[in-house]
Amino acid sequence: MARLLRVARNPTFERSTVASKRQNPKTILSFHYKASNFRTKTMSQSSTPREKLKKKSRAEKPEEEEEPLGGDIEDLFSGNETQEIRMSLLDWYDTNQRDLPWRKRRSESEKERRAYEVWVSEIMLQQTRVQTVLEYYKRWMLKWPTINDLAQASLEEVNEMWAGLGYYRRARFLLEGAKMVVAGKDGFPNQASSLMKVKGIGEYTAGAIASIAFNEAVPVVDGNVIRVLARLKAISANPKDRRTARNFWKLAAQLVDPSRPGDFNQSLMELGATLCSVSKPSCSSCPVSSQCRAYSLSQENRTISVTDYPTKVVKAKPRCDFCCVCVLEILNLERNQSGGRFVLVKRPEEGLLAGLWEFPSVILDKEAGLATRRNAINLYLKEAFHVQPKKTCTIVSRKELGEFVHIFTHIRRKVYVELLVVQLTGGTDALLKDQANDTLTWKCVGSDALSTMGLTSAVRKVYSMVEAHKQGSSVAPDSSNRAAISRKRRIS
């Protein structure tokens, strides 16, 4: 008993406070270490000065490198639990798995193709819904059915195919990773450890490829798996905590079925994606509800809910910024063109939306009025393109088109949009020759090209505002108010 009391101080995994009042201490500890693993002492346990404690801590193993679990069976699932969970989940998965294109079975000779398919699907599925991914995956595989096909593609082509999925760095890393694998001499890596050396492949993706395509008994842990494991063990610790996350990996590693690792990993993910959902779990239909501690607790005490697990982490509030977008349209009246060409700027190769094309824009650190926004845009156009009203161009029209809010993972961006139509004094050729900023990558494209380019959803939203404005103007050129109302309805 003394050992158990010491173990309960482990900060890595909390125990259920309600359960602690009614169950045997061995069953209420979500996780614990052996008493021999605990090296640090609280100030109440030792009179050692703070400075000496710091020196001692530095001399020993760093705090974040915890001792591995494994000595006590309470740390993990029991042998019977493991077997029951494996059997129940695999039986359920065999009958209920969704028919998804990346789950197509391949022969032994097609393992590398299977690995490529799993890789593409897993990268697409990161932070994206399955229903959204389906069409993207099918189009991708039609264009690049093998890793060798993808390795020959350009980033421009990949971004075009990826447009709308978001998190464009995933697409770039997928292309770079494919080139790395094809350029190597050892073929497609077939173990998780070697897969993690490929650009863009982390621990989760490596585990998915290795287990599903190459039958290696390694775990995978994503949000769905964490939710299932947290409920099976009634783990109330913060899943974002580094130590907690590592211990979820250890739990998943214990459960992996050695004979069908890929199917088992997919069954865990499938359960979390379908029955064991975030807010409305279908416990009555769950194949492992009899092994689920969270479900058991909820049945015993109505104040406890399965959805209490895992602990909900409060997301950091996104920072706000403001963006002025100028859709610069250049007319060439000498060639009797009915429409102009639009200037697109390529973003830097690092950072947010790296390497993607967008309309000229300026980021402001605070909200500003029309005059301030136009001054910022005018300065940018002058420095970047030598576009100056009355000097290098004639303004045909300049119109504020409206605004919208675009949400990134960590940014809430308010976007102001204007359309500036100009005729250059020296024509487009003069613009190309006299570019002021030699480090800026940009190009002029027609409306047809814009419709087919791989543009982000925010850029497409901007261009849809331009199209709506042009359509409204052509239908009722003298009814500006009516056109503005019509435009707002289409945008909303």
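Everything discussed here concerns the structure shown above.
Residues numbered from 1 in each chain as written. Predicted model: local features only at pLDDT ≥ 70, side-chain atom pairs only at ≥ 80, totals over all residues. Heavy atoms only, no water.

S.K.: What is the right way to read the overall build of the chain from this model?
M.R.: Counting secondary structure elements, the chain contains 20 helices and 7 strands. In the chain, which comprises 492 residues, the proportion classed as buried is 46%. Sequence-distant contacts in the chain: of pairs separated by 6 or more residues, those separated by 24 or more amount to 68%. Summing over all exposed atoms, the chain offers an accessible surface of approximately 26,300 Å²; the carbon and sulfur share of this is 50%. (Helix = DSSP H or I, 4+ residues; strand = E, 2+ residues; numbered from the N terminus. Buried < 20%, exposed > 50% of the residue type's maximum accessible area, 1.4 Å probe, protein only. Contact = heavy atoms within 4.5 Å. Areas by Shrake-Rupley, 256 points an atom, 1.4 Å probe, with all protein chains shown as cover.)

S.K.: Even after reading the chapter, I still don't get the layout of surface pockets, so can you show me in this structure?
M.R.: Computed from the structure, the largest pocket encloses a volume of approximately 1,600 Å³. Around the largest pocket sit 45 residues that line it, and Gln127, Asp222, Gly223, Asn224 and Arg227 are the ones nearest its centre. Among the elements of the structure, α5 (111–125), α6 (130–143), α11 (203–214), α12 (223–233), α13 (242–255) and α14 (261–273) are those that each provide at least two residues to the lining of the largest pocket. Class assignment of the residues belonging to the lining of the largest pocket gives a composition of 17 nonpolar, 13 polar and 15 charged. (1 Å grid on protein atoms, 1.4 Å probe; cavity = no way out; pocket = protein on both sides within 12 Å on 5 of 7 lines; lining within 4 Å. Points joined across faces, edges and corners; volume = space filled by probe spheres on them. Nonpolar A, V, L, I, M, F, W, Y, C, P; charged D, E, K, R; others polar.)

S.K.: Before we go on, may I ask you to explain the pairing of strand β2 (residues 341–346) in this structure?
M.R.: Regular strands show a simple pattern: their side chains alternate between the two faces of the sheet. Two elements, strand β1 (residues 319–331) and β2, share 2 bridges in a ladder whose sense is antiparallel. Pairing of Ile330 across the sheet is with Arg341, part of β2. Bridging between β2 and strand β7 (residues 442–445) involves 4 bridges; their strand directions are antiparallel. Within the sheet, the bridge partner assigned to Leu344 lies in β7 and is Lys443. (Pairing = 2+ DSSP bridges.)

S.K.: What is the right way to read unusual backbone geometry from this model?
M.R.: Trans peptide bonds make up the majority, and among non-glycine residues the majority have a negative phi. In this chain, Tyr309 is followed by Pro310 through a cis amide linkage whose omega measures -10°. Turning to its location among the elements, Pro310 is positioned in the loop between α15 (293–300) and β1. Of note in the backbone geometry, Gln127 takes a positive phi value of approximately 65° without being a glycine. Following the sequence through the fold, Gln127 ends up in the loop between α5 and α6.

S.K.: Just checking my understanding: could you explain empty space enclosed by the protein for this structure?
M.R.: Applying the stated criterion across every chain, the model contains 5 cavities of 30 Å³ or more. If you add up the space inside the largest cavity, you get close to 120 Å³. Taken together, 15 residues make up the lining of the largest cavity; nearest its centre are Arg231, Cys276, Cys283, Cys286 and Cys292. Ranked by residue count, the leading element in the lining of the largest cavity is α12, at 3 residues. Tallied by class, residues from the lining of the largest cavity come to 12 nonpolar, 2 polar and 1 charged.

S.K.: It is not clear to me how the packing of α5 against helix α9 (residues 169–183) should be interpreted in this structure. Could you clarify?
M.R.: In a packed pair of helices, the relevant descriptors are the angle between the two axes and the axis-to-axis distance. Close contact between α5 and α9 brings their axes to 10 Å; oriented N to C, the two are set at 160°. Here α5 lies roughly antiparallel to α9, going by the angle between them. Classified by chirality, the crossing of α9 by α5 is right-handed. Contacts between α5 and α9 involve Trp119, Val120, Ile123 and Met124 on the former and, on the latter, Arg170, Leu174, Gly177, Ala178 and Val181. (Axes fitted to C-alpha atoms, helices over the stretch in contact; angles between N-to-C directions. Parallel < 35°, antiparallel > 145°, perpendicular 65-115°, else oblique. Left-handed = near helix turned anticlockwise from the far one by under 90°.)

S.K.: I would appreciate a short explanation of the packing of aromatic side chains in the present structure.
M.R.: Note on aromatic pairs: each is described by the distance of the centres and the angle between the planes. In the structure shown here, the tally under the stated rule is 9 aromatic pairs. Both rings, one in Trp140 and one in Trp144, keep their centres 4.7 Å apart while their planes meet at 70°; by these two values the pair is edge-to-face. Here Trp140 matches Trp144 in class, with each residue buried. A network of ring pairs unites the aromatic residues Trp119, Phe188 and Phe214 as a single cluster. Directly above the aromatic system of Tyr416 lies the positively charged group of Arg373, at a separation of 4.0 Å from the ring centroid. (Phe/Tyr/Trp six-rings, centres within 6.5 Å; stacked < 30°, edge-to-face > 60°. Lys NZ or Arg CZ within 6 Å of the ring centre and 35° of its normal.)

S.K.: I keep staring at the side chain of Asn159 and nothing clicks. Help me out?
M.R.: Structurally, the position occupied by Asn159 is in helix α8 (residues 155–162). Of the residues examined, Asn159 reaches a relative accessible area of 7% and is grouped as buried. Leave out the neighbours within four places in its chain, and Asn159 touches Tyr168, Ala171, Gly355, Leu356 and Gly454.

S.K.: What exactly am I supposed to notice about the pattern of salt bridges here?
M.R.: A side chain with one charge may pair with a side chain of the opposite charge, provided their charged atoms come close. Scanning all chains against the criterion turns up 23 salt bridges. Its salt-bridge partner being Lys470, residue Glu329 comes within 3.0 Å of it at the nearest N-O pair. Of this pair, Glu329 sits in strand β1 while Lys470 sits in helix α19 (residues 457–475), placing them 141 residues apart in sequence. Across the pair Glu418 and Arg374 runs a salt bridge whose closest N-O atoms are separated by 3.2 Å. In this pair, Glu418 sits in strand β6 (residues 411–424) while Arg374 sits in helix α16 (residues 370–385), placing the two residues 44 residues apart along the sequence. Within the structure, one salt-bridge network assembled from shared partners comprises Arg373, Arg374, Arg398, Glu400 and Glu418. (Salt bridge = Lys/Arg side-chain N within 4 Å of Asp/Glu carboxyl O.)

S.K.: Got a minute to help me understand the packing of α12 against α14 in this structure?
M.R.: In the contact formed by α12 and α14, the axes pass within 8 Å of each other and the chain directions differ by 85°. Between α12 and α14, the angle is such that the two are roughly perpendicular. Between α12, through Asn224, Val225, Arg227 and Val228, and α14, the contact on the second element is made entirely by Leu268, Met269, Leu271, Gly272 and Ala273.

S.K.: Help me understand the pairing of strand β5 (residues 393–407), please; the structure alone is not making it clear to me.
M.R.: Relative to β6, β5 is paired through 13 bridges, and the arrangement is antiparallel. Its bridge partner being in β6, Lys399 is matched across the sheet by Leu419. Linking β5 back to β6 in an antiparallel pair, the connection comprises 3 residues.

S.K.: What should I look at first to understand α11 in this one?
M.R.: Each α-helix winds once per 3.6 residues, and so residues spaced three or four apart point in a common direction. Helix length check: α11 (12 residues) gives 15 Å between terminal C-alpha atoms against 16 Å at 1.5 Å per residue, within 8%. Here α11 lies mainly inside the structure; 11 of its 12 residues are buried. What α11 keeps buried is the set Tyr204, Thr205, Ala206, Gly207, Ala208, Ile209, Ala210, Ser211, Ile212, Ala213 and Phe214. Its buried side turned inward, α11 meets α5, α10 (192–195), α13 and α14. (Expected span 1.5 Å × (residues − 1).)

S.K.: It is not clear to me how the environment of Ser290 should be interpreted in this structure. Could you clarify?
M.R.: Structurally, Ser290 is set in the loop between α14 and α15. In sequence terms Ser290 and Glu84 are 206 residues apart; their C-alpha atoms lie 9.6 Å from each other.

S.K.: Just to check I follow, could you spell out the environment of Leu255 for this structure?
M.R.: Along the polypeptide, Leu255 turns up in helix α13. Residue Leu255 is classed as buried on the basis of its relative accessible area of 0%. Once residues within four sequence positions are removed from consideration, Leu255 is found in contact with Phe77, Thr82, Ile85, Arg86, Leu229 and Phe264.

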